[in-house]
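So the chains spell out like this:
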Amino acid sequence: MVDNENFDNEGVNVEENLNRNTLLTAKDVADARIVNSTKVTYKSKLNQFYIWLKSNNHHDYIIESTKTINIPIPDDIILSFMGDIKTHSNGKFKVSSTIGGYWNSIESLHMSASVPISNTLLVEKKKFNAGMKRLIANDKQSGLMSNTEGKSPLDFTAYKLLAMKTLNIQRSYESTSPFSHLYLVLQWNIMKRSASVADCNFNNILWSDDCLIVKIFKEKNNQDGDKNKCIDIHVYANPTCPAICPVLALGLHVLTLPNISKDWKTFSLLRK
């Protein structure tokens, strides 16, 4: 028989995982500063920068054999690129988060190559961003741009309906863990991004008096935990509406996974 406590939620042996950590090089640790999804985003934006450099005959700053960018690049060329990609093909401005992604990818490229960005470019970046925010605000006010960015919020009525639906779906499939119901209810209650909810584990969910305490050690705006503090979020039961009760949702999840150890992540199915 295999001892479940020696394995994490993805079936990886914990001891082997720890041994692998000791083999990480300094470069491996440095690369870990950026999550894989962000690396993919940066790669896409830098590829656009590469194509722009090539099409504008800045061949001294690209390596065509590897399709990579050769830095350092003069500040005026970088600013010209930002000026060209600030709008969509229809002439509408790209949203601030998209513009910020281009700046971040260029900064990451310099950091990876240990090449500092000039103070002049940092000043110009600040001025550029300030100008973009004002232009975008003007277009939103005049109706030329959508007045919303990103996803629309989920209202309580829709949340309650989804909670009832996911709870009933899980009842229809007894072999399936009700992780989706718990995932939905817990995310609503702790009011954090989906990634923060997905990374919750039983070590970080505690019981105190009449409530659950969910501990959050890192967030989108605190990826490396440098704020040196843990956020304790208090989550309470809802006896008047079982469908949206986080305590009941957690209990159902635990009861359907009786052999789960405290080191397994709560949403094991989500991370497969």
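Use the structure listed above.
Structural notes, computed from the coordinates. (Residues numbered from 1 in each chain as written. Predicted model: local features only at pLDDT ≥ 70, side-chain atom pairs only at ≥ 80, totals over all residues. Heavy atoms only, no water.)

This part covers the side chain of Ser 105. Turning to its location among the elements, Ser 105 is positioned in helix α5 (residues 96-112). Since its relative accessible area comes to 1%, Ser 105 is described here as buried. A distance of 2.7 Å separates a polar side-chain atom of Ser 105 from the backbone oxygen of Tyr 102. If sequence neighbours within four positions are ignored, Ser 105 has contacts with Tyr 42, Lys 45 and Leu 46. (Helix = DSSP H or I, 4+ residues; strand = E, 2+ residues; numbered from the N terminus. Buried < 20%, exposed > 50% of the residue type's maximum accessible area, 1.4 Å probe, protein only. Polar contact = N/O pair within 3.5 Å; in protein donor to acceptor, adjacent residues only side chain to side chain. Contact = heavy atoms within 4.5 Å.)

Phe 49, Leu 53, Ile 69, Ile 73, Phe 81 and Met 82 are the most contacted members of the largest nonpolar core, which totals 26 residues. Going through the elements one at a time, α3 (36-55), α4 (75-84), α5 and α6 (119-142) are the ones with two or more residues in this core. (Core = buried A, V, L, I, M, F, W, Y, C linked by side-chain atoms within 4.5 Å.)

The sheet built from three strands is open, its strands ordered β3-β4-β5 with antiparallel pairing. Looking at strand neighbours, the two that pair on one side only are β3 (205-208) and β5 (231-236), the edges of this open sheet. Strand-to-strand twist of the sheet, defined as the mean angle between neighbouring strand axes without regard to direction, takes the value 30 degrees. Relative to β5, strand β4 (residues 211-216) is paired through six bridges, and the arrangement is antiparallel. Bridge pairing in β5 places Lys 215 opposite Asp 232. Seen against the sheet, helix α8 (residues 179-190) touches β4 and β5 and runs at an angle of roughly 115 degrees to β5. (Pairing = 2+ DSSP bridges. Axes fitted to C-alpha atoms, helices over the stretch in contact; angles between N-to-C directions.)

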